[in-house]
Amino acid sequence: MDLTLSNLTHRYGATEVLSGIDLDIAHGRILCIVGPSGCGKSTLLRMIGGLERPTSGSVLQRGAVPPDCLNPLTYIFQDFALLPWRSVAGNIALVLEDHRLPGPRRDQIIADVLARTNLTEFRNAWPRQLSGGMKQRVAIARALAVNPAVMLMDEPLSALDAQTRELLMDDLVALWTRAPFTAVYVTHNLAEAVRLGHRIVVLSRRPGRIREIVEIDTPLADRHAGDPALEAHQAHLWQLMRDEAAAADMELQNG
Amino acid sequence: MAETDTRPVPFRGGGFRPRQVRGVGLAVFVALIALIEWGTRAGVISSLTLPRPSDVGTTLLDLAESGMLWTHMAPSLTRLAVGSALGVSAGIGIGVLIGLFSMVRAGLIPLVAALFPIPKIALLPLFVIWFGIDEGSKYALIALGTFTPTVVATYGAVDNVDRTLIRMGQSFGLTWLSIVRKIVLPGALPGILSGLRVSLAIGIILLVAAEMLGAEYGIGAYILQAGSLYDLERLFAGVVILSALGVATSSAIGWAERRMLAWRG
């Protein structure tokens, strides 16, 4: 299943936040969206998944949804969004309960995604007992449980410290290498973008427009921190964004 | 800076952190009663000002031995249970509806705001006309008194449920009912339970008020009789029973919180 955004424009009152976004999201690849703060990248992601309505333009879904997919467009949130009153397994069960799966099938899915995210021994833990990195692993397991056609990741590593971020990036690369998934990955962190993105879309300052699309051909598994080619890409992206990021920083809020 | 003047850095942190201290509450209680006991025996406090705590204790024991304690407790507990069960369940129901539906919110919040400050005791004659002098008017008084604080606590608690959790539920395609049952209600439960403490305390206050009118038996009736005879021992015995009732309901809610909110740790 592919997604196409056509001429997407969004306004909050008189403020235009996104302007004329045209974009194809191709199957089996990770698309990163970067841009200065306030450029509407999170808003764009909410529109792609149908959590917000664009002022004009449309998000189109092309092709059939895979047959065993329970929730085609599935989010991973920056603040994890785990229910504190449910255990790790309970949080994953939550998203399966409305689908009338037979009990053994549900248990099997839960066991499978917990194993894939190395969480098997934490299945009965409460979210408050987990570190930030573990919480996000639970959220990733929950997303995998519904077998999504497209994963929509909204700054998934931004609430974590730098070391945990490295570990989770490795986990994401390993997950993708084993079973390639389609993802839209919003971040303000350029290092994440060049590590995980097959295509990187650079948005301009508000109103967000597509400034440039960078393609990185190196396979995800071969990308390592300190790789000169990746550093060159990152420097190029920073060059594109630097002035705008500075200008965005000087802007008054709600101005 | 030439002098090598070496001192430890003075400690400036600490404090401002309540910690659990066991037994102090009980000690204050015991000390206060011992002081009154001593004062009444020594004559510093005249027996018209305060009854002797030991006499109040004897009165309570007599009451228990004669079986009259239960005769007064049973109707009071029934009234409190029925009245507050009606008020609290209606309050939680309406509160959740206000939290979920904008139309209900717009329509009912002003009504609740208008009902809340009315001293319910002032409405007792009205309730007697509507529901009769028997149990009906007492149930209604306690129900209305517990209803308003429960509504306010409940819709506040529903409003405070983390919206990102609700967005998460929507993004996974959960049904509306699932979102309410599995995200909104558990998220609101801590607020609802702490509102319940206030509601039930108000229920006990109104219980006594209700029993002051046309009740033969009941803690309130017992206190009223004692009061009109200036029988301070019995009056205080009644007050002690009410306090015990307050402590009991409060610890029952504490127990419910520990059971139902174990996830908070």
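Residues numbered from 1 in each chain as written. Chains lettered and ligands numbered in written order. Predicted model: local features only at pLDDT ≥ 70, side-chain atom pairs only at ≥ 80, totals over all residues.

## Remarks on the sheet that holds strand β2 (residues 15-25) of chain A
The pairing of strands in a sheet happens through backbone hydrogen bonds and is either parallel or antiparallel. Residue and element names in this part refer to chain A. Pairing in this open sheet of 3 strands is antiparallel, and the strands run β2-β1-β4 from one edge to the other. In the strand order of this sheet, the two ends are held by β2 and β4 (56-62), each with one partner. When strand polarity is set aside, the average angle formed by the axes of neighbouring strands in this sheet is 10 degrees. Bridge count between strand β1 (residues 2-12) and β2: 7 bridges; the pairing is antiparallel. Considered in β2, the bridge of threonine 4 is made with aspartate 24. (Pairing = 2+ DSSP bridges. Helix = DSSP H or I, 4+ residues; strand = E, 2+ residues; numbered from the N terminus. Axes fitted to C-alpha atoms, helices over the stretch in contact; angles between N-to-C directions.)

## What to know about the sheet that holds strand β7 (residues 182-186) of chain A
All names here are of chain A. Here we have 6 strands laid out as an open sheet, ordered β5-β6-β7-β3-β8-β9, and mixed in their pairing. Every interior strand has two partners, whereas the edge strands, β5 (73-76) and β9 (210-215), have only one. Looking at each pair of strands side by side, their axes are set apart by 20 degrees on average, direction ignored. Pairing geometry for strand β3 (residues 30-34) and β7, over 4 bridges, is parallel. What sits directly across from cysteine 32, in β7, is tyrosine 185.

## Some words on the nonpolar core
Generally speaking, soluble globular proteins have nonpolar side chains that are buried together. Counting 118 residues, the largest nonpolar core has Cys32, Ala145 and Val184 of chain A as the members making the most contacts within it. The residues contacting alanine 145 of chain A, other than those within four sequence positions of it, are Ile92, Val95, Leu96, Ile109, Ile110 and Val113 of chain A. (Core = buried A, V, L, I, M, F, W, Y, C linked by C-beta atoms within 7 Å. Buried ≥ 20, exposed ≤ 12 C-beta atoms within 10 Å, placed from the backbone. Contact = placed C-beta atoms within 7 Å.)

## Some points on the confidence of the model for chain B
When pLDDT is averaged along chain B, the result is 91, and 99% of the positions lie at 70 or above. Quick note on the complex model: pTM equals 0.85, ipTM equals 0.88. (pLDDT = per-residue confidence, 0-100.)

## Let's talk about the packing of helix α3 (residues 103-116) of chain A against helix α4 (residues 132-145) of chain A
Residues and elements named next belong to chain A. Across the interface, α3 lies against α4 with an axial gap of 9 Å and an inter-helix angle of 135 degrees. Accordingly, the angle class assigned to the pair α3 and α4 is oblique. Considering only the axes of α3 and α4, their crossing is right-handed. Contacts from Ile109, Ile110, Val113, Leu114 and Arg116 in α3 reach Ala141, Leu144 and Ala145 in α4. Classifying every residue of the contact of α3 with α4 by side-chain character gives 7 nonpolar, no polar and 1 charged. (Parallel < 35°, antiparallel > 145°, perpendicular 65-115°, else oblique. Left-handed = near helix turned anticlockwise from the far one by under 90°. Nonpolar A, V, L, I, M, F, W, Y, C, P; charged D, E, K, R; others polar.)

## Some points on the UniProt feature "domain: ABC transmembrane type-1" (unreviewed entry) in chain B
UniProt annotation of "domain: ABC transmembrane type-1" (unreviewed entry) refers to residues 73-253 of chain B when read in the numbering used here. As annotated, residues 73-253 of chain B comprises 84% helix and 0% strand, and the C-alpha atoms at either end are separated by 20 Å. (UniProt positions renumbered as here; feature names shortened; annotations may be inferred.)

## Thoughts on the UniProt feature "transmembrane region" (unreviewed entry) in chain B
Residues and elements named next belong to chain B. When the UniProt feature table is mapped to this numbering, "transmembrane region" (unreviewed entry) covers residues 21-40, 80-101, 108-133, 139-158, 200-223 and 235-256. With 62% helix and 0% strand, residues 108-133 has end C-alpha atoms that lie 30 Å from one another. The span residues 235-256 carries 100% helix and 0% strand; its end-to-end C-alpha distance comes to 32 Å.

## Re the interface of chain B and chain A
In this complex, chain B contributes 16 residues to the contact, which on the side of chain A involves 18 residues. Among the elements of the structure, α7 (163-171) and α8 (176-211) of chain B are those that each provide at least two residues to the side of chain B that touches chain A. The element contributing the most residues to the side of chain B that touches chain A is α7 of chain B, with 6 residues. Each residue belonging to the side of chain B that touches chain A can be placed in one class, and the counts come to 7 nonpolar, 7 polar and 2 charged.

## Observations concerning the packing of α8 of chain B against helix α10 (residues 232-260) of chain B
Residues and elements named next belong to chain B. Relative orientation of the contacting elements α8 and α10 amounts to 165 degrees, with a least axis distance of 10 Å. Judged by the angle between their axes, α8 and α10 are roughly antiparallel. Taken as a pair, α8 and α10 cross one another with a handedness that is right-handed. Contacts from Leu189, Leu193, Leu196, Arg197, Leu200, Ala201, Ile204 and Val208 of α8 reach α10 at Leu242, Leu245, Gly246, Thr249, Ser250, Ile253, Ala256, Glu257 and Met260. Tallied by class, the residues present in the contact of α8 with α10 amount to 12 nonpolar, 3 polar and 2 charged.

## Observations concerning unusual backbone geometry
Residues and elements named next belong to chain A. You will see that asparagine 7, though not glycine, has its phi angle at about 50 degrees, which is positive. Tracing the chain through its elements places asparagine 7 in strand β1. Here the phi dihedral of asparagine 147 falls at roughly 50 degrees; this positive angle occurs in a residue that is not glycine. Along the chain, asparagine 147 turns up in the loop between α4 and β6 (150-154). Here asparagine 147 falls in the partly exposed class, since 19 other C-beta atoms lie within 10 Å of it.

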